[in-house]
Protein chains: 2
Amino acid sequence: MILVRHEIGDVLRDVRLQKGRTLRQVASKASVALGYLSEVERGQKEASSEILAAVADALDTPISTIMGEVAHRLGELEQITAIGTMTSPVIPDTVPDELLADFANTGK
Amino acid sequence: MILVRHEIGDVLRDVRLQKGRTLRQVASKASVALGYLSEVERGQKEASSEILAAVADALDTPISTIMGEVAHRLGELEQITAIGTMTSPVIPDTVPDELLADFANTGK
């Protein structure tokens with residue numbers, strides 16, 4: 001199952017690293033506990049909308065930008081999952097005699 | 001403060017209405033309590049990622065599509081908020097004498 005919090009966590013961490021901020025700096029600026037923010041980044045805890053707004057603000061990044069990137073990554077995951085669940089082409093255990101005969105003829 | 005859950009609720013309700021489904025139908029298919037889904041749609045309750053995935057599935061809509069629309073609406077709200085907090089152009093209480101003289105001359 002594709003879970004939104006995993007992508008939110010990844011995006012928050014990626015934005016933070018892009019901006020060269022430490023977990024401690026962002027947690028402090030957003031007034032959230034360092035351990036809590038760490039769990040959110042690892043996709044282990046759901047962040048409330050208030051926490052998301054505070055963290056986005058601490059990262060100087062609009063929440064729309066963060067959620068846009070989350071939506072983009074969810075779309076990529078859905079494509080990968082869709083490919084994974086496609087039915088494989090059926091390869092028969094036994095090859096019909098006609099085909100074997102054709103193959104034999106081709107070699108001549 | 002712009003809150004993600006308000007937009008998530010609005011988008012879930014809009015998608016449900018577009019598809020002509022009742023709250024009861026979607027709640028039942030997603031195996032969530034009707035009152036809970038109603039609170040999520042009204043932006044009063046945070047939906048966990050598991051609930052979001054189940055509701056999106058019940059609406060036959062990829063979660064990436066829902067979150068993409070949420071991001072779009074958050075962006076629109078941010079623009080409205082930004083316009084609301086812009087400093088108004090300063091209109092002086094008194095008009096300088098030179099300008100009044102110019103205005104008087106223009107009329108001639």
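Calculation notes
- Residues numbered from 1 in each chain as written.
- Chains lettered and ligands numbered in written order.
- Predicted model: local features only at pLDDT ≥ 70, side-chain atom pairs only at ≥ 80, totals over all residues.
- Heavy atoms only, no water.
- Helix = DSSP H or I, 4+ residues; strand = E, 2+ residues; numbered from the N terminus.
- Contact = heavy atoms within 4.5 Å.
- Areas by Shrake-Rupley, 256 points an atom, 1.4 Å probe, with all protein chains shown as cover.
- Least-squares fit on C-alpha atoms with pLDDT ≥ 70 in both.
- Salt bridge = Lys/Arg side-chain N within 4 Å of Asp/Glu carboxyl O.
- Buried < 20%, exposed > 50% of the residue type's maximum accessible area, 1.4 Å probe, protein only.
- Core = buried A, V, L, I, M, F, W, Y, C linked by side-chain atoms within 4.5 Å.
- pLDDT = per-residue confidence, 0-100.
- Buried area = accessible area lost by both parts, 1.4 Å probe.
- Polar contact = N/O pair within 3.5 Å; in protein donor to acceptor, adjacent residues only side chain to side chain.
- Nonpolar A, V, L, I, M, F, W, Y, C, P; charged D, E, K, R; others polar.
- Expected span 1.5 Å × (residues − 1).

**Focus: the overall build of chain A**
Now for step 1: Across its full length, chain A carries 6 helices and 0 strands.
Now for step 2: In sequence order, chain A lays out its α and β elements as α-α-α-α-α-α.
Now for step 3: The long-range fraction of contacts in chain A, counting pairs at least 24 apart against all pairs at least 6 apart in sequence, stands at 70%.
Now for step 4: When the accessible surface of chain A is split by element, carbon and sulfur atoms take 57% of a total near 6,700 Å².

**Examining the relation of the copies chain B and chain A**
Now for step 1: Laying chain B over chain A is done by rotating through 180 degrees and shifting 0.0 Å along the axis; what remains is an RMSD of 0.0 Å. Considering both components of the superposition, the chain copies are consistent with a two-fold axis. In terms of proximity to the rotation axis, the leading residue of chain B is G68 of chain B, whose C-alpha is 2.9 Å off the axis.
Now for step 2: Here 100% of the interface residues in chain B have copies in chain A that are interface residues too; the copies meet face to matching face.

**Considering the pattern of salt bridges**
Now for step 1: Counted by the stated rule, this structure contains 18 salt bridges over all chains.
Now for step 2: D10 of chain A serves as the salt-bridge partner of R13 of chain A, at 3.4 Å between the closest nitrogen and oxygen. Highlighted residues: R13 of chain A and D10 of chain A, both in helix α1 (residues 4-18), separated by 3 residues, approximately one helical turn.
Now for step 3: A salt bridge links R16 of chain A to E41 of chain A; the nearest nitrogen and oxygen atoms lie 2.6 Å apart. Of this pair, R16 of chain A sits in helix α1 while E41 of chain A is found in helix α3 (residues 34-41), placing the two residues 25 residues apart along the sequence. Neither residue differs from the other here; R16 of chain A and E41 of chain A are each classed as buried.
Now for step 4: Salt bridges sharing partners connect three or more residues here, namely R5 and E46 of chain A together with E50 of chain B.

**A short note on the nonpolar core**
Now for step 1: In terms of nonpolar packing, the biggest core is built from 51 residues, with V4, L12 and M67 of chain A together with V4, L12 and M67 of chain B touching the most fellow members.
Now for step 2: The contacts of V4 of chain B, once residues within four sequence positions are left out, are S49, L52, I63 and M67 of chain A together with V70 and L74 of chain B.

**Topic: the confidence of the model for chain A**
Now for step 1: When pLDDT is averaged across chain A, the result is 89; 80% of the residues are at 70 or more.
Now for step 2: Confidence metrics for the complex model read pTM 0.79 and ipTM 0.78.

**Quick word on the interface of chain B and chain A**
One frequent convention defines the size of an interface as the accessible area lost when the parts assemble.
Now for step 1: Every contact between the two is made by 21 residues of chain B and, on the other side, 21 residues of chain A.
Now for step 2: Interface area, chain B with chain A, both sides summed: about 1,700 Å², of which 65% is carbon and sulfur.
Now for step 3: The interface formed by chain B and chain A holds 2 salt bridges in total.
Now for step 4: Summed over the shared surface of chain B and chain A, the number is 10 residue pairs in polar contact (both at pLDDT 80 or more).
Now for step 5: Those elements that provide at least two residues to the side of chain B that touches chain A are α1 (4-18), α4 (49-58) and α5 (63-84) of chain B.
Now for step 6: Examining the composition of the side of chain B that touches chain A, we find that 8 residues originate from one element, α5 of chain B, more than from any other.
Now for step 7: Counted by class, the side of chain B that touches chain A contains 12 nonpolar, 5 polar and 4 charged residues.

**As for the environment of D14 of chain B**
Now for step 1: Positionally, D14 of chain B belongs in helix α1.
Now for step 2: Given a relative accessible area of 23%, D14 of chain B falls into the partly exposed group.

**Digging into the environment of G68 of chain B**
Residue and element names in this part refer to chain B.
Now for step 1: Topologically, G68 is positioned in helix α5.
Now for step 2: Of the residues examined, G68 reaches a relative accessible area of 27% and is grouped as partly exposed.
Now for step 3: Along the sequence, G68 and V11 sit 57 residues apart, while their C-alpha atoms lie 9.9 Å from each other.

**Looking at α1 of chain B**
The α-helix winds at 3.6 residues per turn, so residues separated by three or four positions along the chain end up facing the same way.
Now for step 1: Its 15 residues place the ends of α1 of chain B 21 Å apart at the C-alpha level, agreeing with the 21 Å of an ideal helix rising 1.5 Å per residue.
Now for step 2: Of all the residues in α1 of chain B, the buried ones are V4, R5, E7, I8, G9, V11, L12, V15 and R16 of chain B.
Now for step 3: In the core, the buried residues of α1 of chain B are packed alongside α4 (49-58) and α5 (63-84) of chain A together with α2 (23-30), α3 (34-41), α4 and α5 of chain B.
Now for step 4: Where α1 of chain B terminates, the next one or two residues include G20 of chain B, which has phi positive at roughly 65 degrees.

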